[in-house]
Amino acid sequence: MKDLLTKDVVWNKLKVVKDPEIPTLSLVDMGIIRELNIEGDSVEVVITPTFVGCPAIEMMKDEIESALLSMGFQNVLVRVSFSYQWNSDMINEAGRKSLVEFGLAPPPQHQLIEDIEILERIPCPACKGTNTELRNSFGPTLCRSIHYCNDCKEAFQQFKPVN
Amino acid sequence: MNTPAIKELLYKIGDDQLILGHRNSEWTGLGPILEEDIAFCSMAQDKIGQSLAIFSILHELGEPDPDTNAFLRDAKLFKNCQYVEMPIGEFDFSIVRHFLFDNAEAIRFKHLTDSSFIPLANLSKKIKGELKYHTMHANTWIKRLGNGSKESIDRVQKALNDSWTMALGMFEVSPYEAELIQEKIFVGEKVIMQEWYESISATIEGTELSLPDLYSSKPMLGGRQGLHTESLIKLLDEMSEVIRLDPEAEW
């Protein structure tokens, strides 16, 4: 069992761990798991939060730890580090799809956000149209903003771009 | 590594974030519109989270753990500027403080990304991105109220005038200022203040408001040396009520 736990295998298996607030989105696809160091039956994982004040980070740490223990590792260390700075371009294609599946608009890809106008005209996750407007750059969680679709006549949320 | 100077700097910025974070949280349920309730409590969560990250670096440098440091430290050991400890007042006062403080904070963290103290430089790279949302929120309100009715313009102008000497206290220099600059840990308050004045002037120019002259008044100093007003004592009493009743409480 142990010799099967290569980096690729573990990385893939970790996809079962989801964002506590977005149950379709895995932490791997979200890009918050930055390092995986395996040595025999010990593993160290380095994660970095989407927002410094993200209250879910402790829960994520615990869930990654239990997933690794259940894979058969004896020693597990999950470390939060800011040596990596998460930005919303770190969400991969699978992650963007998971966001839509959950009903959230994925963040626009940006490289570098110079102007916050990037928040206007976000495609509505229901109708895909861009006849939308920003209602509040702060939302129900630190990583979401609130928008309104003028065609659907309904509010929706976006996973905020940040860098 | 110049640990005493670094600790002084970390306490100053960590305490500013913690105290203003708590003040922001007081708008929860009281905001003039629902969106402002959400905005102020989100910014509170950001700022308190950022202070936790700064206190964690301090802990690695041998200071008490973040909870002890935040909740059980004596007021005279707090290094926040007095401006952030002032009560929230009316919405005009809070919006003006949000505008004056957050623009300074954004410039401060932008420069700290170049700090020779790497843990702080790394953290600042992250915080800098988050603060774009804070300054955008503040600048939008200043433009809106500063171009609004006579009442909104007058009230914001009065809040600006009343806040000015307190706001200048944000740039009170540390006893380690020269060393911090020389060792490239921090660019220094003078640079931050000048860039801040240019930045807020650019927003104010598009409104009916006017900024007091940078050197017209004497800054309200003392916060960085641990001198505080009654307001901080009351705030700390409130913040630490639970931990003093039950030090083991978890929530």
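Residues numbered from 1 in each chain as written. Chains lettered and ligands numbered in written order. Predicted model: local features only at pLDDT ≥ 70, side-chain atom pairs only at ≥ 80, totals over all residues.

1. Topic: the overall build of chain A
Applicable threshold: Only DSSP runs of H or I covering at least 4 residues are called helices, and only runs of E covering at least 2 are called strands; the numbering of each starts at the N terminus. Around each residue's C-beta, the other C-beta atoms within 10 Å are counted; 20 or more make the residue buried, 12 or fewer make it exposed, and counts in between make it partly exposed. All C-beta atoms are placed from the backbone.
Secondary structure assignment for chain A yields four helices and nine strands. Mapped in sequence order, the helices and strands of chain A form the string α-β-β-α-β-β-α-β-α-β-β-β-β. Viewed in the frame of its principal axes, chain A has a C-alpha envelope of about 55 × 25 × 25 Å. Within chain A, buried positions represent 37% of all 163 residues.

2. Some words on the overall build of chain B
Threshold: With the radius of gyration taken over C-alpha atoms, the globule rule is written as 2.2 Å times the number of residues to the power 0.38. A pair of residues counts as a contact when their C-beta atoms, built from backbone coordinates, are within 7 Å of each other.
Counting its regular elements, chain B contains 11 helices and zero strands. Listing each helix as α and each strand as β along chain B from the N terminus yields α-α-α-α-α-α-α-α-α-α-α. Relative to the compact-globule value of 18 Å for 251 residues, chain B shows a C-alpha radius of gyration of 18 Å, a close match. Summarising its shape, the C-alpha atoms of chain B cover approximately 55 × 45 × 30 Å along the three principal directions. Per-residue burial for chain B yields a buried fraction of 45% across its 251 residues. For chain B, long-range pairs separated by at least 24 residues make up 75% of all intrachain contacts whose partners lie at least 6 apart in sequence.

3. Looking at the interface of chain A and chain B
We apply this condition: Note that Gly is not counted as nonpolar here; it falls among the polar residues with everything else outside the nonpolar set of Ala, Val, Leu, Ile, Met, Phe, Trp, Tyr, Cys and Pro and the charged set of Asp, Glu, Lys and Arg.
On the side of chain B, 21 residues touch chain A, which itself brings 18 residues to the contact. Classifying every residue of the side of chain A that touches chain B by side-chain character gives nine nonpolar, eight polar and one charged.

4. Topic: the sheet that holds strand 3 (residues 33-39) of chain A
All names here are of chain A. Applicable threshold: Only when DSSP finds a minimum of two bridges between them are two strands counted as paired. For every element, the axis is a line fit to its C-alpha atoms; helices are fit only across the contacting stretch, and the angle between N-to-C directions ranges from 0 to 180 degrees.
Spatially, the three strands line up as an open sheet ordered 3-4-5, and their pairing is mixed. Of all strands in the sheet, those bounded by a partner on one side alone are strand 3 and strand 5 (75-80). The sheet shows a mean angle of 15 degrees between the axes of neighbouring strands, direction not considered. Bridging between strand 3 and strand 4 (residues 42-47) involves six bridges; their strand directions are antiparallel. Residue pairing across strands places Ile33 opposite Ile47, the latter belonging to strand 4. On the sheet, helix 3 (residues 57-71) packs against strand 4 and strand 5 and is oriented at approximately 155 degrees with respect to strand 5.

5. Notes on unusual backbone geometry
Residues and elements named next belong to chain A. Positive phi, normally seen in glycine, also occurs at Arg121, with a value near 55 degrees. Note on placement: Arg121 falls in the loop between strand 6 (104-105) and strand 7 (132-136). Among the residues examined, Arg121 registers 15 C-beta atoms within 10 Å and is labelled partly exposed.

6. A closer look at the environment of Leu232 of chain B
Residues and elements named next belong to chain B. Tracing the sequence through the fold places Leu232 in helix 10 (residues 230-239). Using a count of 21 C-beta atoms within 10 Å as the deciding quantity, one classes Leu232 as buried. Residues Leu232 and Asn147, spaced 85 residues apart in sequence, show a C-alpha to C-alpha distance of 34 Å. Beyond its immediate stretch of four places on either side in the chain, Leu232 contacts Ala75, Phe78 and Glu85.

7. Structural notes on the sheet that holds strand 6 of chain A
Residue and element names in this part refer to chain A. Strand order in the open sheet made by the four strands is 6-9-8-7, with mixed pairing throughout. Edge positions in the open sheet fall to strand 6 and strand 7, since each of these has one partner strand only. Bridge count for strand 6 against strand 9 (residues 154-159) is two bridges, and the pairing is parallel. Bridged to Ala105 within strand 9 is Gln158.

8. Quick word on the domain arrangement of chain A
Residue and element names in this part refer to chain A. Defined as follows: How far each domain reaches was decided by an automatic or database domain assignment.
Here chain A is partitioned into domain 1 (2-80) and domain 2 (104-159). Each of domain 1 and domain 2 was reduced to a C-alpha centroid, and the two centroids are 29 Å apart. Across the boundary between the two partners, domain 1 contributes six residues, which contact four residues of domain 2. Across the side of domain 1 that touches domain 2, the residue classes tally to three nonpolar, two polar and one charged.

9. What to know about the pairing of strand 8 (residues 144-149) of chain A
Looking along a regular strand, one sees the side chains alternate between the two faces of the sheet. Residue and element names in this part refer to chain A. Note that strand 7 and strand 8 share four bridges and pair antiparallel. Residue pairing across strands places Leu134 opposite His147, the latter belonging to strand 8. Here strand 8 runs beside strand 9; their pairing, made up of six bridges, is antiparallel. Residue Cys149 lies in a different strand from strand 9, and its bridge partner there is Glu154. The turn linking strand 8 back onto strand 9 is made up of four residues, and Lys153 within it adopts a positive phi angle of 55 degrees.

10. Considerations on the environment of Ala106 of chain B
Residues and elements named next belong to chain B. In this structure, Ala106 sits in helix 5 (residues 91-112). Taking the number of C-beta atoms within 10 Å as the measure of exposure, Ala106 has 21 and is therefore buried. Along the sequence, Ala106 and Ser124 sit 18 residues apart, while their C-alpha atoms lie 9.7 Å from each other. Residues contacting Ala106, with those up to four places away along its chain left out, are Leu131 and Thr135.

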